[in-house]
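Overview (structure and organization)
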Amino acid sequence: MRRFVLLTLSLALFLPALALAQAPGAAAAPKGNSENGKKIFDGYGCYQCHNYAANGGGAGPRLAPNPLAWPAFSRYVRAPRDQMPPFSRKVLSDQELADLYAYLQTVPAPPSTGSIPILKP
């Protein structure tokens, strides 16, 4: 009986939090313009660390395909923890950040290794 009460109490506390975390659109990125995002990626020199295809380089991690979730991405761009300079709202507006994120979402995945002739056995 005691286990049942503990289980019921745990579910009562956990399920609402889970529902909030999975609510559609709760963490959705604002609408952005991917063409402008590509210009921002090039213009701000993001390619210098993250490579031209945003797939990571010597100094920066992979950004695309499948970028971080919007909340984590925007937090990190605004207040990075490593070598990346911060891009405050004075430097990169919220709309420009959304445009950059929209661009990263359009970067296609690289071809599979099986489709590259030189890598076939």
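Here's a quick rundown of the structure. Since the model is a prediction, treat every value here as computed from it, not as a measurement. (Residues numbered from 1 in each chain as written. Predicted model: local features only at pLDDT ≥ 70, side-chain atom pairs only at ≥ 80, totals over all residues. Heavy atoms only, no water.)

1. Describing the packing of aromatic side chains
Threshold: Between 30 and 60 degrees the pair is tilted, below 30 it is stacked and above 60 it is edge-to-face, where a pair is any two Phe, Tyr or Trp rings, Trp via its six-membered ring, whose centres lie within 6.5 Å. Here a helix means four or more residues in a row that DSSP labels H or I, a strand means two or more in a row labelled E, and each is numbered from the N terminus. Only protein chains enter the accessibility calculation, which uses a 1.4 Å probe. A residue is then buried if its area is under 20% of the maximum for its type, exposed if over 50%, and partly exposed in between.
Under the counting rule described, the total for this entry stands at 6 aromatic pairs. Look at Phe41 and Tyr103: their rings are 5.5 Å apart centre to centre, the planes differ by 50 degrees, and that puts the pair in the tilted class. Linking Phe41 in helix 2 (residues 34–43) with Tyr103 in helix 5 (residues 94–106), this pair joins segments that are 62 residues apart in sequence. On the accessibility criterion, Tyr103 (9% relative accessible area) is buried. Judged by centre distance (4.8 Å) and plane angle (15 degrees), the rings of Tyr47 and Tyr52 are stacked. Note on Tyr52: relative accessible area 55%, which makes it exposed.

2. Here we look at the nonpolar core
Nonpolar side chains in soluble globular proteins tend to end up buried together. Here is the rule: To define a nonpolar core, start from buried Ala, Val, Leu, Ile, Met, Phe, Trp, Tyr and Cys residues and group those joined through side-chain atoms within 4.5 Å. Contact definition: two residues touch when any of their heavy atoms are within 4.5 Å.
One finds Phe41, Phe73 and Leu104 to be the most contacted residues of the largest nonpolar core, which totals 18 residues. Listed by contribution, the elements that provide at least two residues to this core are helix 2, helix 4 (70–78) and helix 5. Considering every element that reaches this core, the biggest residue donor is helix 5, with 6 residues. Leave out the neighbours within four places in its chain, and Phe41 touches Cys46, Tyr47, His50, Asn51, Tyr52, Ala54, Leu63, Leu100, Tyr103 and Leu104.

3. Describing the layout of surface pockets
What counts is decided by this rule: Cavities and pockets are defined on a 1 Å grid built over the protein atoms alone: a cavity is a set of grid points where a 1.4 Å probe fits but cannot escape, while a pocket is an open set with protein on both sides within 12 Å along at least five of seven lines, and lining residues are those with an atom within 4 Å of any such point. Grid points are joined across faces, edges and corners, and a volume is the space filled by probe spheres set on the points. Residue polarity follows a fixed list, in which Ala, Val, Leu, Ile, Met, Phe, Trp, Tyr, Cys and Pro are nonpolar, Asp, Glu, Lys and Arg are charged, and the others, Gly among them, are polar.
If you add up the space inside the largest pocket, you get close to 630 Å³. Contributions of two or more residues to the lining of the largest pocket are made by helix 2, helix 3 (47–50), helix 4 and helix 5. Split into classes, the residues belonging to the lining of the largest pocket amount to 19 nonpolar, 6 polar and 2 charged.

4. What to know about the packing of helix 4 against helix 5
Convention followed: Interaxial angles span 0 to 180 degrees and are taken between N-to-C directions of axes, which are lines fitted to C-alpha atoms, for helices over the stretch in contact. Angles below 35 degrees are treated as roughly parallel, those above 145 as roughly antiparallel, those between 65 and 115 as roughly perpendicular, and all remaining angles as oblique. The crossing is said to be left-handed when, going from far helix to near helix, the turn is anticlockwise and less than a right angle, and right-handed when the turn is clockwise.
As a packed pair, helix 4 and helix 5 sit with axes 11 Å apart at the nearest point and diverge in direction by 125 degrees. When the axes of helix 4 and helix 5 are compared, the pair comes out oblique. Here helix 4 and helix 5 pass one another in a crossing that is right-handed. Only Asp94, Leu97, Ala98, Leu100, Tyr101 and Leu104 of helix 5 make contact with helix 4, whose side of the interface consists of Trp70, Phe73, Ser74, Val77 and Arg78. Here the contact of helix 4 with helix 5 is built from residues that sort into 8 nonpolar, 1 polar and 2 charged.

5. Considering helix 2
So the rule is basically this: By definition, the arc is the one covered by directions from the helix axis to the C-beta atoms. What qualifies as a polar contact is a pair of N or O atoms within 3.5 Å, subject to a donor-acceptor requirement within protein and to the restriction that residues adjacent in sequence count only when both atoms come from side chains.
Those residues of helix 2 that fall on the buried side of the exposure criterion are Gly37, Ile40 and Phe41. Buried positions in helix 2, seen along its axis, are confined to an arc of 100 degrees and lie on one side of it. For helix 2, exposure combined with an orientation more than 90 degrees from the buried face picks out Glu35, Lys39 and Gly43. Elements in contact with the buried residues of helix 2: helix 3 and helix 5. Capping of helix 2 at its N-terminal end is provided by Asn33; its side-chain oxygen lies 2.9 Å from the backbone amide nitrogen of Glu35. Note on helix 2: the residue one or two positions beyond its end, Gly45, has a positive phi of about 75 degrees.

Read these as spatial facts, not as claims about activity.
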